Amino acid sequence: MHEMSIAQSLLDVIKEEMRKHNATVLKSALIHIGQLSAIVPESLSFCFEVMTSGTDLEGAKLNMEIIPLTGNCRKCGQTFEIKNYAFECPFCDGTDIETLSGQELSIVEMEVD
Amino acid sequence: MKVSVVKNILAANDRIAQENRAIFDEKNLLVFNLMSSPGAGKTSLLEKTIDALKDQLKMGVIEGDIQSSQDAERIAQKGVPAVQINTGGACHLDGNMIRDTFREFDFDALDLLVVENVGNLVCPAEFKVGEDFKVMILSVTEGEDKPAKYPLMFHESKALLINKIDLLPYVDCSVERIREESLKVNPDLVIFEVSCKTEEGLDAWYDWLKGELKAKS
């Protein structure tokens, strides 16, 4: 259950960005969660709600988008979705795979006033 | 008003981990982050490794646990500097907690620093602490389905020790399947089959570790 630490880090980033934009109200935040990351979205949502309740940010909506795990085979050059966490090229069975997406844990957009 | 941000949520931790790493590099100190579920044999592996390599390298250990200083005491009994971190509930160590232990060590007198993380197969893999690489242990009593169920840690680790192979006659576990499943998640994973109880297989681990030390210095 490390979602509490993640929620704290997320709030730190949000508050810093709000200061930069002179914003006082947070309506929503959109975050990207890579499929390979060990985050449980429901837990993160719960922790975010707990940590914002009773503060200026109460009521802000946390939107989450799960980013699929994709890779590029360094042997044959094909790009594909990595299924069942198996880092093997479905085209040539190569195992030298560069991960293209699926490891994200980032905030991408905020709606503020 | 919509604001586009695109910022890594763990950027603050990553930055501290990077600063830690710079300090380790400057001191020519090899650091690995040792992870597993509770009871897989992290401290036992360190005790054996200290005994086997004490004449060849100077080691220090950071012990992470939710509570108690039992692990640091076990390590200190071996004559190795050990600092206990009690996370007080947190399920993992982060860069900041590691940095707080620096004043307890004389890095100039060390070749290897091991960070023994909190026993947990999920969360520690998400937080860098400044290590050169991660090492994980899976014991045969935990079952062969773990790489598929907890892929991140297997994906992030450089080496995997399959521990407690002395118990194989008594459990339904195929080491071959653990190998297959782990290599699917991480084709570059270096795998050792060991028993910290009988010491079977540990020589290969010691040799590999010595190779990593040589590569860093």
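Here's what I pulled together on the structure shown here. Keep in mind it's a predicted model, so treat the numbers as computed, not measured.

Parameters at a glance
- Residues numbered from 1 in each chain as written.
- Chains lettered and ligands numbered in written order.
- Predicted model: local features only at pLDDT ≥ 70, side-chain atom pairs only at ≥ 80, totals over all residues.
- Heavy atoms only, no water.
- Contact = heavy atoms within 4.5 Å.
- Buried area = accessible area lost by both parts, 1.4 Å probe.
- Salt bridge = Lys/Arg side-chain N within 4 Å of Asp/Glu carboxyl O.
- Polar contact = N/O pair within 3.5 Å; in protein donor to acceptor, adjacent residues only side chain to side chain.
- Helix = DSSP H or I, 4+ residues; strand = E, 2+ residues; numbered from the N terminus.
- Expected span 1.5 Å × (residues − 1).
- Buried < 20%, exposed > 50% of the residue type's maximum accessible area, 1.4 Å probe, protein only.
- Pairing = 2+ DSSP bridges.
- Axes fitted to C-alpha atoms, helices over the stretch in contact; angles between N-to-C directions.

## Regarding the interface of chain A and chain B
Part 1 of the argument: Facing 31 residues of chain A, the contacting portion of chain B comprises 24 residues.
Part 2 of the argument: Around 2,500 Å² of area is buried between chain A and chain B when both sides are counted, 65% of it from carbon and sulfur atoms.
Part 3 of the argument: Put simply, chain A and chain B have three salt bridges between them.
Part 4 of the argument: Between Lys7 of chain B and Glu16 of chain A there is a salt bridge; the shortest N-O distance is 3.2 Å.
Part 5 of the argument: Applying the counting rule to chain A against chain B returns 11 residue pairs in polar contact (both at pLDDT 80 or more).
Part 6 of the argument: Secondary-structure elements contributing two or more residues to the side of chain A that touches chain B are helix H1 (3-20) and strand E6 (105-112) of chain A.

## A word on helix H2 (residues 42-53) of chain B
Part 1 of the argument: The end-to-end C-alpha distance of H2 of chain B is 16 Å, a good match for the 16 Å that 12 residues give at a rise of 1.5 Å each.
Part 2 of the argument: Inspection of H2 of chain B places Lys42, Thr43, Leu45, Leu46, Glu47, Thr49, Ile50 and Leu53 of chain B among the buried residues, and these make up the whole buried set.

## Concerning the sheet that holds strand E2 (residues 61-67) of chain A
Part 1 of the argument: With mixed pairing, four strands are arranged side by side in an open sheet as E2(A)-E1(A)-E6(A)-E1(B). Looking at the sheet topology across the chains shown, the edges are occupied by E2 of chain A together with strand E1 (2-8) of chain B. Averaged over all adjacent pairs, the angle separating strand axes in this sheet is 20°, with direction ignored.
Part 2 of the argument: As judged from the seven bridges shared by strand E1 (residues 26-34) of chain A and E6 of chain A, these two strands associate in the antiparallel manner. Counted as the bridge partner of Leu26 of chain A is Val112 of chain A from E6 of chain A.
Part 3 of the argument: Across the face of the sheet, H1 of chain A comes into contact with E1, E2 and E6 of chain A together with E1 of chain B while running at roughly 45° to E6 of chain A.

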